[in-house]
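# Structure at a glance
The chain contents come next:
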Amino acid sequence: MSDRDNLQTNTQLLMETTMRTIKQTIMAIAAVIFLASPAWAADTSNSAVAVQGYDVVGYFTEGKPVKGNGDHVVLHDGLNYLFASDTSKKTFEGNPEKYVPQFGGWCAFGVGVNKKFVGDPEVWKIVDGKLYLNLSKKVAELWVKDIPGNIVKANSNWPNIKDENPTTLNAK
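## Here's the deal with the layout of surface pockets
Empty space within the largest pocket amounts to approximately 590 Å³. For the largest pocket, the lining is made up of 24 residues, of which Leu 79, Phe 103, Gly 104, Gly 105 and Trp 106 are closest to its centre. Among the residues forming the lining of the largest pocket, the class breakdown is 14 nonpolar, six polar and four charged.

This is the structure:
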């Protein structure tokens, strides 16, 4: 093999290696841009499920808690409401404010004492056409001793604590 042939072979190998490195670099950069783009970023802003997935219309129509499912979902005020049927979903869409639980689904007794405790969908009561949840059966027993008075207190407190972080609020 002549020097000229060696030079051509080495030049060709160098060019192939350089092109391979450039392609790999471009692919790596493209992958980083592609995976970091908003189209692939997880959007959890609308993933919160209201009332732990229970069908809020069911409290009114069935007279009991009914589990909803992912086939019938409505996004309302930043929360996903799940329904057991398309009929319940359509009923809710016709008048959501009639069915959403009071105080954003937080424990009604808790709101009355300036706290935000998670409302248990199995511990509920409809009063004057409005759905109220409470933390537990024990708490509900306290709440029912003076439902009108507890609702008045909670209605008074709610505007002041509505946007408060529950962890911060409950530590006070």
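## Let's talk about unusual backbone geometry
Positive phi, close to 50 degrees, is recorded for Gln 52, a residue that is not glycine. Summarising the element assignment, Gln 52 is placed in the loop between helix 1 (3–36) and helix 2 (56–61). Gln 52 gets classed as partly exposed once you look at its relative accessible area, which sits at 45%. Positive phi, close to 50 degrees, is recorded for Asp 77, a residue that is not glycine. For Asp 77, the location among the structural elements is in the loop between strand 1 (69–76) and strand 2 (79–83).

## A short note on the pattern of salt bridges
Following the criterion strictly, the structure yields two salt bridges and no others. Between Lys 90 and Asp 86 there is a salt bridge, with its nearest N and O atoms 3.1 Å apart. Within this pair, Lys 90 and its partner Asp 86 are both found in helix 3 (residues 86–94), separated by four residues, close to a single helical turn. What makes Lys 90 exposed here is its relative accessible area of 54%.

## Thoughts on helix 7 (residues 147–161)
The terminal C-alpha atoms of helix 7, which comprises 15 residues, lie 20 Å apart, in line with the 21 Å expected from a rise of 1.5 Å per residue. For helix 7, the full list of buried residues reads Ile 147, Asn 150, Ile 151, Ala 154, Asn 157, Trp 158 and Ile 161. The inward-facing, buried residues of helix 7 contact helix 5 (108–112), strand 3 (120–127), strand 4 (130–134), helix 6 (137–143) and helix 8 (166–171).

What counts and how
- Residues numbered from 1 in each chain as written.
- Predicted model: local features only at pLDDT ≥ 70, side-chain atom pairs only at ≥ 80, totals over all residues.
- Heavy atoms only, no water.
- 1 Å grid on protein atoms, 1.4 Å probe; cavity = no way out; pocket = protein on both sides within 12 Å on 5 of 7 lines; lining within 4 Å.
- Points joined across faces, edges and corners; volume = space filled by probe spheres on them.
- Nonpolar A, V, L, I, M, F, W, Y, C, P; charged D, E, K, R; others polar.
- Helix = DSSP H or I, 4+ residues; strand = E, 2+ residues; numbered from the N terminus.
- Buried < 20%, exposed > 50% of the residue type's maximum accessible area, 1.4 Å probe, protein only.
- Salt bridge = Lys/Arg side-chain N within 4 Å of Asp/Glu carboxyl O.
- Expected span 1.5 Å × (residues − 1).
- Contact = heavy atoms within 4.5 Å.

Honestly, that's just the spatial picture; any functional story needs more than this.
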